[in-house]
Amino acid sequence: TYQEAVGVSQTLTVNKKTLTVTAANQSKTYGQTNPALTFSYSGFVTGESASNLPTAPTASTTATTGSSVGTYPITLAGGVSDNYDFNYVGGTLTVSSATLASTNINFNPPASTSYSGSGIGYTATSGGVSGFNYSYSGRNGTSYGPSATAPTAVGDYTVTATSSDPNYTGSRTFNYSITKATLTPVFSGTTNRVWNGSAQTLSASTTPSTAVVVGYGMPLATSGGTNIAHNGSAQFWTVPAGVTNISVTLTGAKGGRGANDGSGTGGNGGSAGQVTGSVAVTPGEVLTVLVGGAGADGAYGQGTGGGTGGMGGFIFNGGSTAYNLAGGRGGNSGSSGAS
């Protein structure tokens, strides 16, 4: 005979199913807002979907609108379910360079495009761009480059500015020329010349003048062209604002006439010597100017004696003579004849 089996209790455990959540990779251009972060599911049982989750996971990234070029993680978290364990697979947000329109690149000229012996180049700017790299090449027959070093020689050139900012891609070219410099003779030190009946030479350098030149005058002219003439006393002239170099013309006074010996008036005195040049000055600097007077005529009854020489013109700066020019020679002899 068979006896009825005794019932035995068993426990059946239903484990959570693994639900894989995978973030989609995304991309954007620098400066744009972040795109929508999306993800997908894998592992729902038949007939179920994300709508069956009490709390769905969310996606986030560390990138912002202003984040620089590079890659940023997309992370997933926050899903809640009694029936599923979440396996998160993150993604990547890639930020690429923005295109910089050439019209948004502005070239800034140098102080001068005249030859100076140093490199003459341009700089470029654009809003938000941290910097540029430069390349120089010759054009119109000028042989140069391509080189990152600005050219020095006279000629025609093209400069290309390319963004060095990793957040921007773009470049612009600009054509320019280096022109010949204007050479201005510059007399240096103390220059003394006394009449000796012959032409004399003044040494001068031909350093290009970058200073403001004051108008011509005798012996010293202001920017308005006013001459400083002899008045028997020291005179003072203040260098105008912004003026760092003045042109100077110094003229010695004429010599006195020859003596009258009773038969006629003596001959005219000798003409004055003259020197011109350029003096480096400082705006606001006060120069002392001494303008020489004409030489005295020979006295009556001195026979054939000539008049005295004229005084020279002087310019002083801080006690040093910048220029010194002697006056004309003495007067001619008086006319011969009965006393």
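Basis of the calculations
Along each chain, the written sequence defines residue order, and numbers are assigned to residues from 1. Owing to the predicted nature of the model, reporting of local features is limited to residues with pLDDT of at least 70; listing and counting of side-chain atom pairs is limited to 80 or more, with chain, interface and lining totals taken over all residues. Excluding hydrogens and water, the side-chain figures rest on all heavy atoms present in the structure. In this text, helices come from DSSP runs of H or I with a minimum length of four residues, and strands from runs of E with a minimum of two, each type numbered from the N-terminal end. Whether a residue is buried, partly exposed or exposed follows from its accessible area with a 1.4 Å probe, protein chains only, as a fraction of its type maximum: under 20%, in between, or over 50%, in that order. In what follows, a contact means two residues having at least one pair of non-hydrogen atoms within 4.5 Å. By definition, two strands form a pair when at least two bridges between them are found by DSSP. Angles run from 0 to 180 degrees between N-to-C directions of axes, and those axes are lines fitted to C-alpha atoms, restricted for helices to the stretch in contact. In plain words, nonpolar cores are sets of buried Ala, Val, Leu, Ile, Met, Phe, Trp, Tyr and Cys residues tied together by side-chain atoms within 4.5 Å.

Visitor: I'd like a rundown of the environment of Gly138, residues and numbers included.
Guide: As for its position among the elements, Gly138 is in strand E11 (residues 132–139). Of the residues examined, Gly138 reaches a relative accessible area of 26% and is grouped as partly exposed. Spatially, the C-alpha atom of Gly138 lies 6.0 Å from that of Asp156, the residues being 18 residues apart in sequence. Residues within four places of Gly138 in sequence aside, it is in contact with Tyr144, Asp156 and Tyr157.

Visitor: Which residues make up the environment of Ala181, and what are the values?
Guide: Looking at the element boundaries, Ala181 is found in the loop between strand E14 (171–178) and strand E15 (192–193). Of the residues examined, Ala181 reaches a relative accessible area of 23% and is grouped as partly exposed. Note: C-alpha distance between Ala181 and Gly117 (64 residues apart in sequence) is 9.7 Å.

Visitor: I'd like a description of the sheet that holds E11, backed by residues and values.
Guide: The strand order across the open sheet formed by three strands is E11-E12-E14, and the pairing between neighbours is antiparallel. Edge positions in the sheet fall to E11 and E14, since each has one partner strand and no second. Going across the sheet, the axis of each strand differs from the next one's by a mean of 25 degrees, ignoring polarity. Bridge count for E11 against strand E12 (residues 155–163) is eight bridges, and the pairing is antiparallel. Of the residues in E12, the one forming a bridge with Arg139 is Asp156.

Visitor: Go over the nonpolar core, please, and point to the residues and values.
Guide: Leu100, Phe107, Ala124, Phe132, Val159 and Tyr176 are the most contacted members of the largest nonpolar core, which has 17 residues in total. Looking at this core, the elements that each hand over two or more residues are E11, E12 and E14. In contact with Tyr176, not counting residues within four places along its chain, are Ile120, Gly121, Tyr122, Tyr136, Arg139, Pro151, Gly155, Asp156, Tyr157 and Val159. Counting 13 residues, the second largest nonpolar core, distinct from the first, contains Val21, Phe44, Leu53 and Tyr72.

Visitor: Kindly report on the environment of Gly91, identifying the contributing residues and their values.
Guide: Note that Gly91 resides in strand E7 (residues 91–96). You can call Gly91 buried: its relative accessible area is 9%. Taking C-alpha positions, Gly91 is 6.0 Å from Pro73, a pair spaced 18 residues apart along the chain. Leave out the neighbours within four places in its chain, and Gly91 touches Ala23, Asn25, Tyr72, Pro73 and Ile74.

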